[in-house]
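Letter by letter, the chains look like this.
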Amino acid sequence: DTEVTQTPKHLVMGMTNKKSLKCEQHMGHRAMYWYKQKAKKPPELMFVYSYEKLSINESVPSRFSPECPNSSLLNLHLHALQPEDSALYLCASSQPGQGTHEQYFGPGTRLTVT
Amino acid sequence: ELKVEQNPLFLSMQEGKNYTIYCNYSTTSDRLYWYRQDPGKSLESLFVLLSNGAVKQEGRLMASLDTKARLSTLHITAAVHDLSATYFCAVEETSGSRLTFGEGTQLTVNP
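Residues numbered from 1 in each chain as written. Chains lettered and ligands numbered in written order. Predicted model: local features only at pLDDT ≥ 70, side-chain atom pairs only at ≥ 80, totals over all residues. Heavy atoms only, no water.

(A) Layout of the sheet that holds strand 3 (residues 18-25) of chain A. All names here are of chain A. Reading across the sheet, the four strands line up as 1-3-8-7 and stay open at both edges, with antiparallel pairing between neighbours. Edge positions in the open sheet fall to strand 1 (4-7) and strand 7 (64-70), since each of these has one partner strand only. Neighbour-to-neighbour, the strand axes of this sheet turn through a mean angle of 20°, independent of strand direction. Sheet analysis places strand 3 next to strand 8 (residues 73-79), joined by seven bridges and oriented antiparallel. The partner of Lys19 across the bridge, within strand 8, is Leu78. (Pairing = 2+ DSSP bridges. Helix = DSSP H or I, 4+ residues; strand = E, 2+ residues; numbered from the N terminus. Axes fitted to C-alpha atoms, helices over the stretch in contact; angles between N-to-C directions.)

Structural data, given as structure tokens:
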């Protein structure tokens, strides 16, 4: 199984709402990632978890809060977002250490902030 | 800071023609990846290139890596409409974990 799943597929939220994005993989990967992608741009790395510990935070505003409850799950908690946060949010996973480090991407969550 | 440059950024080609997309990067790396993205969709992994001289082929696409020149190419042979998509190269920093993406090449194959 080389699948990364993400829920929800679409999310519309107001600037005062709190919501969460979820990501799950069952490939036994121990690195998981959150990316933000704006239209016609490459993905921008937000966070990296390695062995369930936050290893990279790319200076992301605190209104985005990641969580890795276990090795298969990754959440992104959203609070008081701005319209400019509207984007496609992609989760990915890979296996650290020896090997290809190939990142497998989920289908994404299309977020619209109103 | 690792920089990745792709060119061209936009490519319009006719079916049946050949073309090459180039990916240059600025610092040493041994891992380079090519991804495809269809409009509104996620990224699909195409190729993983792990060593100097690596060449991978899948259908009408062939990717190569020259780590000494810090250059990868994605060659399209006899293009078909189904290849229309955005293609990204991504380079892993030597410290691991972080991928740096090129800006992407938006490919349109016209009948």
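From this point, things continue past the structure.
(B) Seen up close, unusual backbone geometry. Between Thr7(A) and Pro8(A) the backbone carries a cis peptide bond, its omega angle lying at -10°. One can find Pro8(A) in the loop between strand 1 and strand 2 (10-13). Between Asn7(B) and the following residue, Pro8(B), the backbone shows a cis peptide bond with an omega angle of 0°. Its place among the elements puts Pro8(B) in the loop between strand 1 (4-7) and strand 2 (10-14). Positive phi values are uncommon outside glycine, yet Tyr51(A) reaches one of about 50°. With respect to the helices, strands and loops of the structure, Tyr51(A) is situated in the loop between strand 5 (44-50) and strand 6 (53-57). Positive phi outside glycine occurs at Ala80(A), with the angle close to 55°.

(C) Structural context of the interface of chain A and chain B. Counting residues at the interface gives 23 residues for chain A and 20 residues for chain B. Around 1,700 Å² of area is buried between chain A and chain B when both sides are counted, 51% of it from carbon and sulfur atoms. Where chain A touches chain B, the interface holds two salt bridges. Residue Arg98(B) pairs with Glu58(A) through a salt bridge whose shortest N-O separation is 2.7 Å. Taken together, chain A and chain B are joined by eight residue pairs in polar contact (both at pLDDT 80 or more). If you list the elements that add at least two residues to the side of chain A that touches chain B, you get strand 4 (31-37), strand 5 and strand 9 (87-94) of chain A. Looking at side-chain class alone, the side of chain A that touches chain B contains 11 nonpolar, seven polar and five charged residues. (Contact = heavy atoms within 4.5 Å. Buried area = accessible area lost by both parts, 1.4 Å probe. Salt bridge = Lys/Arg side-chain N within 4 Å of Asp/Glu carboxyl O. Polar contact = N/O pair within 3.5 Å; in protein donor to acceptor, adjacent residues only side chain to side chain. Nonpolar A, V, L, I, M, F, W, Y, C, P; charged D, E, K, R; others polar.)

(D) Examining the pairing of strand 4 (residues 32-37) of chain B more closely. Residues and elements named next belong to chain B. Among the six residues that make up strand 4, six are buried, leaving the element largely enclosed by the rest of the structure. By the alternation rule, side chains of strand 4 split into Leu32, Trp34 and Arg36 and Tyr33, Tyr35 and Gln37, which are all buried. Alignment of strand 4 against strand 5 (residues 43-49), held across six bridges, turns out to be antiparallel. Counterpart to Gln37 in the pairing with strand 5 is Leu43. The sheet contact formed by strand 4 and strand 9 (residues 85-92) spans six bridges and is antiparallel. Across the sheet, residue Gln37 finds its bridge partner in strand 9, namely Thr86. (Buried < 20%, exposed > 50% of the residue type's maximum accessible area, 1.4 Å probe, protein only.)

(E) Expanded view of the pattern of salt bridges. All names here are of chain A. Taken as a whole, this structure holds nine salt bridges over all chains when the rule is applied. Salt-bridge contacts for Arg30 lead to Glu52; the nearest nitrogen and oxygen are separated by 2.8 Å. Here the residue Arg30 occupies a position in the loop between strand 3 and strand 4, and Glu52 occupies one in the loop between strand 5 and strand 6, the gap between them amounting to 22 residues. Residue classification places Glu52 among the partly exposed positions, given a relative accessible area of 29%. Shared partners join several salt bridges into a network, and the residues in it are Lys36, Arg63 and Asp85.

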